[in-house]
Amino acid sequence: MQVTTYWLEHAWLGAHAEPGVALDVTDGRITAVRRGVGTPPPGAEVLRGFTLPGLANAHSHAFHRALRGTVQVGSGTFWTWREVMYDVAVRLTPDSYFALARAVYAEMALAGITAVGEFHYLHHAPGGVPYADPNAMGEALIAAAGEAGIRITLLDTAYLSAGFGEPPTSHQLRFSDGTADAWAQRADALKDGGHVRIGAAIHSVRAVPAEQLPTVASWAAARDAPLHVHLSEQTAENDACLAAHGRTPTRLLADHGVLGARTTGVHNTHLTDDDIALLGGTTSGTCMCPTTERDLADGIGPAPALQAAGSPLSLGSDSHAVIDLFEEARAMELNERLRSRTRGHWTAAALLRAATADGHAALGWHEAGRLEPGALADFTTVALDTVRTAGPPPRLAAETAVFAASAADVRHTVVGGRHVVRDGVHAAVPDAARALTDAIAALHG
């Protein structure tokens, strides 16, 4: 078996930046980690800067990338933003979705992201008519991630109603399989592969009738698959759930067997103390998406209380107002500083864990997110000599990455031991900006 050695000028091994680390990689996995290697071994791939495990983007809607800029005009709310989103969704086909997602996932690789959780609910043709392949849209996303060189957890999403007791709107017919049983039958045809794992999602408690929640939860449990759900993103959802069921969305999920260690609530913004205790007590995860939550004026979720209660934290770029996991990590801390008027709720190491190991675990990639023997050889390198990162000593590289760096400072991304981004250029999509421009223009043409 061929061994490839990577020499890391500085590396994050879980606690602090280590100088001179050599990684041996065989068949896509790390087989050895050697510290104190002051100079590159002969023939080694040299990664100068600060190398950390690949970042995990735990919550993505790839087609929302086409909204960037256009939804920043004027004012409004989450609900007015949603109408603009529907206008983009109606234009997508499997081919155009592949082209857009391939470019979006290339942008992620350029930002150091090696795995994405795609919360996928755009299943059918306009009007809700299934494609000849009922999973054509999902397969387009899987293929796009493969070509962009990153791993994907396709969180196939049940989205059955417009609200409590309401049928889907004309826009939402593309999302709906009619019933949870029909959703499960379609999702059964999706298969795990080398770069893909299949998970499940409940769009929200308003979009899946309560009596059908156990069907989705059981489907995921039978496969030991991740299960994600948008949870209490808006106070209006909480109010409607209380009116319909006399309980909060979190309690409704708990009462129907949805919560648990494989489950991640996305946003978890407007929670009661009892909700927080339920999520923590069941070790259900929390995926915070700060750049989207602030862009949509959603509010600031109680991340410190959730983590203290036992809910692991992960991060996502969601609507892709920006694609930058360093900014998501930084924003989680800085949002809490604004709310509490105190500093230092998380260390840089804790924020990096949310962006790496805990994010991968939320997506079912438990063997990723660490630079250690046996782990997948997925890692990314941040330059320490740009105008944003120059100055601090290398021993503070983790703090520099979280609190100063941006996606633009990523120099290399390696997935499965293979260079996907080298010196800031994507190997398969060398002009990712042009690919994004063309894919988005085709939707508005």
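Structure: see above.
Residues numbered from 1 in each chain as written. Predicted model: local features only at pLDDT ≥ 70, side-chain atom pairs only at ≥ 80, totals over all residues. Heavy atoms only, no water.

> What am I meant to see in the pairing of strand β15 (residues 418-422) here?
Both faces of the sheet carry side chains from a regular strand, because those side chains alternate between them. Judged from the three bridges that link them, strand β14 (residues 410-415) and β15 form a sheet pairing that is antiparallel. In the sheet register, V415 faces β15, and the bridge partner there is R418. Once β14 ends, the chain turns through two residues before running back antiparallel as β15, passing G416 with a positive phi of about 60 degrees. In this sheet, strand β16 (residues 425-426) lies alongside β15 in antiparallel orientation, the contact comprising two bridges. If you follow V421 over to β16, its bridge partner there is H426. (Pairing = 2+ DSSP bridges. Helix = DSSP H or I, 4+ residues; strand = E, 2+ residues; numbered from the N terminus.)

> Would you mind showing me how to read the packing of helix α2 (residues 94-110) against helix α3 (residues 136-148) here?
Any two packed helices are characterised by how steeply their axes cross, that is the angle between the axes, and by the distance between the axes. At a minimum axis distance of 8 Å, the contact between α2 and α3 shows a crossing angle of 35 degrees. The way α2 lies across α3 gives a crossing that is right-handed. Judged by residue contacts, P94, Y97, F98, A101, R102, Y105, A106 and A109 of α2 engage A136, M137, A140, L141, A143, A144, A145, E147 and A148 from α3. Class assignment of the residues belonging to the contact of α2 with α3 gives a composition of 15 nonpolar, no polar and two charged. (Axes fitted to C-alpha atoms, helices over the stretch in contact; angles between N-to-C directions. Left-handed = near helix turned anticlockwise from the far one by under 90°. Contact = heavy atoms within 4.5 Å. Nonpolar A, V, L, I, M, F, W, Y, C, P; charged D, E, K, R; others polar.)

> Mind showing me how you'd approach the packing of aromatic side chains here?
We describe a pair of aromatic rings using the distance from one ring centre to the other and the angle between the two ring planes. The tally for this structure, following the rule as stated, stands at seven aromatic pairs. Centre to centre, the rings of F63 and Y97 are 6.2 Å apart; their planes meet at 75 degrees, and the pair counts as edge-to-face. With F63 in the loop between β5 (55-60) and α1 (78-89) and Y97 in helix α2, the pair connects residues that are 34 residues apart, well separated along the chain. Given a relative accessible area of 2%, F63 falls into the buried group. (Phe/Tyr/Trp six-rings, centres within 6.5 Å; stacked < 30°, edge-to-face > 60°. Buried < 20%, exposed > 50% of the residue type's maximum accessible area, 1.4 Å probe, protein only.)

> Looking at this structure, how should I read the sheet that holds β5?
Strand pairing in a sheet takes place through backbone hydrogen bonds and is either antiparallel or parallel in direction. Within the open sheet, the eight strands sit side by side as β5-β6-β7-β8-β9-β10-β11-β12. Their pairing is parallel. At either margin of the open sheet sits one strand with a lone partner, and together these are β5 and β12 (313-315). Averaged over neighbouring strand pairs, the angle between their axes works out to 25 degrees when direction is ignored. With four bridges joining them, β5 and strand β6 (residues 113-120) adopt parallel strand pairing. Along β6, the bridge assignment pairs A56 with A115. Relative to β6, α2 is tilted by about 140 degrees, and along the sheet it contacts β5, β6 and β7 (151-158).

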